[in-house]
Amino acid sequence: MLPSRLCEIDVGPDLKICVPADSLIVPFDTIKILLATDNHIGYMERDPIRGQDSINTFREVLELAVQHDVDFILLAGDLFHENKPSRDCLYQTTALLREYTMGDKPVQVELLSDPNDGQAAGFSFPAVNYEDPNLNVGIPVFSIHGNHDDPQGTGTEGALCALDVLSVSGLLNYMGKFDLPYKKEATHTPGIDVRPVLLRKGNTKLGMYGIGNVKDARMHVELRSNRVRMFMPKDKKDWFNILLVHQNRVKHGPQEYVPEGLFDNDVDLVVWGHEHDCRIVPEKVAGRDYYITQPGSSVATSLADGEALPKHVALLQVQGKDFELTPIPLRTVRPFVIEEIVLSQVAEEEDFELSDQIAITKFLRSRVNALIEQANRYWEENNADRIAAAERDGTSPPERMLPLVRLKVDTTGVAEMSNPIRFGQEFQGRIANPRDMLVFHRAKKAAARSKVVVDAPELSIDDPDLTTSEKLEKVRVATLVKEYLAAQEMQLLGEGGMSDAIQLFVEKDDIHAIQGHVSRELKAIIQDVKKQKESLLDEEVEEILMQAKENHDKEYEAQAKAKQADKKGKGKSRQVSENEESDDSMKMDVDYEPVADDSDLPPPSKKSTARKAPAKKTAAKKAPARGRGKRTADVSNSEVEVIEVDDDEDEISQYEDEAPPKPVKRTNRAAVLRHATLVFRKTTARKATPAASSRQSQLNFAPAAGRSKRAAATKARKQMVVCTFCFELCTQD
């Protein structure tokens, strides 16, 4: 017979615990929610020591939900560590959800929103699992997707992820999803529509608004432009509104984060996912009426300072417009300790020389031993109740977990250090990460930035005074491209436009970026040449080509400046005062059809006069070559089609109206530079046989010496190359 102040609670199969009865006395209309985020199930699942850490902690989260008799579980993204989790990962997750969330326990929260909102297309079962009469759900689970398990792909069913599989299985309720359009006609108006899951328990009304992970830059712009439309009930002031997001909270760039104060002021609590450091105690946002709670991850996925903080989940209790949040520490999390030392300072305190490798190794070994003892003490303190219960019941105590240890050592001023991997092997069997336990780094030297000199014979990363690590830090695709193109002294294509096209190809994986840019520039040059008189001398052709290149460069710079200024102007016009009430909150019984503002439309692109000029049917003819024989073209590793253009009869725009060949997908820049080319050569009427010799082309970063720009232009015009697959113009020495 239990004392009157104790009560039994079932926490699992054949397992009951006793808790104070006073803790169970809560008003009937109180909604109890277990908050968690960033479970990262499947992280390092192949590791023999850490492989089961994420799934064990997720099991503890579900056990806590049963123990505290919550109404439902709320997850804020990154349930899985990978977009395509392994079969073992899916198997264990599915089994745990079925074990702890299915049962005959009645769900006491009433669904007021449409149960078919978010329903799987082509099927009749509802989107919310406990509304399905064929399922017996005891604890519903609601979740949004994160950046690790976000939907991928397009199709008639839209993008899919692992959460979709759990949702149609009836084990989880997936909310906050944004489908990618299957057709261009299906593209919706700009902005993000957020439809809630509305629940009620007695007199408490709860609205949950989920926004799955999107690009931080887009989210930043949508919030700044007031285009995040939250569909709220008419009496939204009587509802307790929770918003779930999974974005960067810490600023990583101008728009690579989401400001805390840009959400709708009718929200009462924001549950923030993606950030792994635990800031679970609600924080009031300055100038706003809502709070932010950041539970953090339940497993350490990096050996960073934020991951070393104690891991928690939260018990959220909501009654009316009031809420109470109680942090609950997690017991199954692997202990993690981190420390950073500066050897130059330690050498003075411990009285040893920086050149003494034996003394340094001995000191580092002592610090690691101290960190291991610290981690073991933390685990024993965190699991004291479990150890005491095992001793009381006469069962074996829980096995102590090997800790994670990270020692960061500043080696500035030290000439040589020992191998960190070999050093870590001494602690094999005592820590969980012996290979990456020790990290050496040096203080960065502040280097003055210098402008790129066009005539410099080498790239900035080839500076002999730089170390290998400093060269790697300076590597930027845009910088390398600009420096390389400037060193080539291109006679036809401008450096600015070509650099932007290559950057799109590399960073955005746009395989048509270079092809489109070269095609546009080629047509513009042809139009400029067509506008001239019919008969041109060699010197006149050179001047026309050089003038056309200069004009295109100026037009490109002017367009870039105009776009930048237009973006700044739009940004100012779209700013909305924080004191104004949001217009995004809409009534549930009114359909919202947003209309794009004229200010949001992109400005019409400016075209050069050369491109606006209509194409002439008769091409300008060129004067016959004076005593110049034909030359043959040879391109290695590709089939070459040589088209000879007669000076008296052929047109310079002979290839303008030809249909371009189908582009071939290339995996990298080197592949694009190696594909087959189509060579246009100016020849005499007499034909010659193509040469059979071939030579591999090499990149030369030094500018051509010993010839004037006019001579270079003449040679470039004679050796104009158009790539077969992307119409790329280049020059060959």
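Predicted, not measured: the structure shown is a model, and the values here were computed from it.

J.: Can you help me understand the overall build of the protein chain in this one?
T.: Helix and strand counts for the protein chain come out as 16 helices and 24 strands. Looking at the protein chain as a whole, 43% of its 733 residues qualify as buried. At a minimum sequence separation of 6, the contacts of the protein chain that also span at least 24 residues come to 74%. Summed over all atoms, the accessible surface of the protein chain reaches about 40800 Å², with 49% contributed by carbon and sulfur.

J.: Explain the sheet that holds strand E15 (residues 291–294) to me, please; I cannot follow it from the model alone.
T.: Backbone-to-backbone hydrogen bonds join strands into a sheet, with any given pair of strands oriented parallel or antiparallel. The strand order across the open sheet built from seven strands is E5-E9-E10-E12-E13-E15-E14, with neighbouring strands paired in mixed fashion. Every other strand in the sheet has two partners, leaving strand E5 (110–111) and strand E14 (279–284) as the edge strands with one partner each. Pairing of strand E13 (residues 269–273) with E15 involves three bridges; the strand directions are parallel. Considered in E15, the bridge of Leu 269 is made with Tyr 291.

J.: Explain the side chain of Asp 410 here, please?
T.: Structurally, Asp 410 is set in strand E19 (residues 404–410). Salt bridges are absent for the buried Asp 410, whose nearest opposite-charge side chain, Arg 442, sits at 7.0 Å. Excluding residues that lie within four positions of it along the chain, Asp 410 makes contacts with Ile 341, Val 342, Leu 343, His 441, Arg 442 and Ala 443.

J.: Looking at this structure, how should I read the pairing of E13?
T.: Each regular strand shows side chains that alternate between the opposite faces of the sheet. In terms of residue burial, E13 counts as a mostly covered element, since five of its five residues are buried. Because side chains alternate across E13, one face comprises the buried residues Leu 269, Val 271 and Gly 273, and the other comprises Val 270 and Trp 272, equally buried. Inspection of the sheet shows strand E12 (residues 240–246) paired to E13 by five bridges, in the parallel sense. By the bridge assignment for E13, Leu 243 is matched with Val 270.

J.: Would you mind going over the pattern of salt bridges with me for this structure?
T.: Taken as a whole, this structure holds 22 salt bridges when the rule is applied. We note a salt bridge from Lys 177 to Asp 164, for which the minimum N-O separation is 3.0 Å. Here Asp 164 lies in helix H3 (residues 162–168) and Lys 177 lies in the loop between strand E7 (173–174) and strand E8 (192–194), a separation of 13 residues in the sequence. Overall, the relative accessible area of 27% leaves Lys 177 in the partly exposed class. We note a salt bridge from Glu 307 to Lys 311, for which the minimum N-O separation is 2.6 Å. With a relative accessible area of 5%, Glu 307 lands in the buried category. Residue Lys 311 is classed as buried on the basis of its relative accessible area, which comes to 4%. A cluster of three or more residues bridged by salt bridges with shared partners is formed by Arg 249, Glu 260, Arg 279 and Glu 283.

J.: I tried to follow the environment of Leu 171 on my own but got confused; where do I start?
T.: Here Leu 171 lies in the loop between H3 and E7. The class of Leu 171 is buried, set by a relative accessible area of 9%.

J.: What is the right way to read the sheet that holds strand E17 (residues 322–329) from this model?
T.: Spatially, six strands are ordered E7-E6-E4-E3-E16-E17 in an open sheet, and the strand pairing comes out mixed. Two strands lie at the open edges of the sheet, namely E7 and E17, each paired on one side alone.

J.: What exactly am I supposed to notice about the nonpolar core here?
T.: One broad trend across soluble globular proteins is that nonpolar side chains are buried collectively. Formed by 33 residues in total, the largest nonpolar core has its most connected members in Leu 34, Ile 73, Leu 79, Phe 80 and Val 313. Sorting the residues of this core by element identifies strand E3 (31–36), helix H1 (53–67), strand E4 (72–75), helix H2 (87–101), H3 and strand E16 (312–319) as the ones contributing at least two each. Not counting residues within four places of it along the chain, the set of residues in contact with Ile 73 comprises Leu 34, Leu 62, Ala 65, Ile 139, Pro 140, Val 141 and Phe 142. In terms of nonpolar packing, the next biggest core, distinct from the first, is built from 29 residues, Ile 31, Ile 33, Phe 240 and Ala 314 among them.

J.: I would appreciate a short explanation of the UniProt feature "active site" (unreviewed entry) in the protein chain in the present structure.
T.: Sequence positions flagged by UniProt for "active site" (unreviewed entry) are, in local numbering, His 148. Tracing the backbone through its elements, the reader meets His 148 in the loop between strand E6 (141–143) and H3. On the basis of relative accessibility, which here comes to 27%, the residue His 148 falls in the partly exposed class. In this view, His 148 contacts His 40, Asp 78, Phe 80, His 81, Glu 82 and Asn 83; residues no more than four positions away in its chain are not counted.

J.: It is not clear to me how the packing of aromatic side chains should be interpreted in this structure. Could you clarify?
T.: A ring pair, where both rings are aromatic, is described by two values, the distance of the centres and the angle of the planes. Throughout the structure, instances matching the rule amount to eight aromatic pairs. Ring pairs connect the aromatic residues Phe 240, Tyr 291 and Phe 323, which therefore count as one cluster. One cation-aromatic arrangement involves Arg 249 over Trp 272; the distance from NZ or CZ to the ring centre is 5.6 Å.

J.: Where do I start with the environment of Pro 48 in this structure?
T.: Note that Pro 48 resides in the loop between E3 and H1. You can call Pro 48 exposed: its relative accessible area is 79%. The spatial distance from the C-alpha of Pro 48 to the C-alpha of Ala 432 is 9.6 Å, given a sequence separation of 384 residues.

J.: Explain a negative patch on the surface to me, please; I cannot follow it from the model alone.
T.: A cluster of acidic residues, Glu 348, Glu 349, Glu 350, Asp 351, Glu 353 and Asp 356, forms a negative patch at the surface. Locating Glu 353 in the fold gives a position in the loop between helix H5 (343–350) and helix H6 (357–382). Relative accessible area serves as the criterion here: at 56%, Glu 353 is assigned to the exposed category.

J.: Quick question: what am I supposed to make of the packing of H1 against H2 here?
T.: In a packed pair of helices, the relevant descriptors are the angle between the two axes and the axis-to-axis distance. Between H1 and H2, the shortest axis-to-axis distance is 10 Å and the interhelical angle comes to 15°. Classified by the interaxial angle, the pair formed by H1 and H2 is roughly parallel. Between H1 and H2 lies a crossing whose hand is right-handed. On H2, the residues touching Ile 55, Phe 58, Arg 59, Leu 62, Glu 63 and Val 66 of H1 are Gln 92, Thr 93, Leu 96, Leu 97, Tyr 100 and Thr 101. Along the lines of polarity and charge, the residues of the contact of H1 with H2 split into seven nonpolar, three polar and two charged.

Rules used throughout
- Residues numbered from 1 in each chain as written.
- Predicted model: local features only at pLDDT ≥ 70, side-chain atom pairs only at ≥ 80, totals over all residues.
- Heavy atoms only, no water.
- Helix = DSSP H or I, 4+ residues; strand = E, 2+ residues; numbered from the N terminus.
- Buried < 20%, exposed > 50% of the residue type's maximum accessible area, 1.4 Å probe, protein only.
- Contact = heavy atoms within 4.5 Å.
- Areas by Shrake-Rupley, 256 points an atom, 1.4 Å probe, with all protein chains shown as cover.
- Pairing = 2+ DSSP bridges.
- Lys, Arg positive; Asp, Glu negative; His and termini not counted.
- Salt bridge = Lys/Arg side-chain N within 4 Å of Asp/Glu carboxyl O.
- Core = buried A, V, L, I, M, F, W, Y, C linked by side-chain atoms within 4.5 Å.
- UniProt positions renumbered as here; feature names shortened; annotations may be inferred.
- Phe/Tyr/Trp six-rings, centres within 6.5 Å; stacked < 30°, edge-to-face > 60°.
- Lys NZ or Arg CZ within 6 Å of the ring centre and 35° of its normal.
- Patch = residues over 30% accessible without salt bridge, like charges linked within 9 Å, V, L, I, M, F, W, Y side chains within 5 Å.
- Charge placed at Lys NZ, Arg CZ, Asp CG, Glu CD.
- Axes fitted to C-alpha atoms, helices over the stretch in contact; angles between N-to-C directions.
- Parallel < 35°, antiparallel > 145°, perpendicular 65-115°, else oblique.
- Left-handed = near helix turned anticlockwise from the far one by under 90°.
- Nonpolar A, V, L, I, M, F, W, Y, C, P; charged D, E, K, R; others polar.

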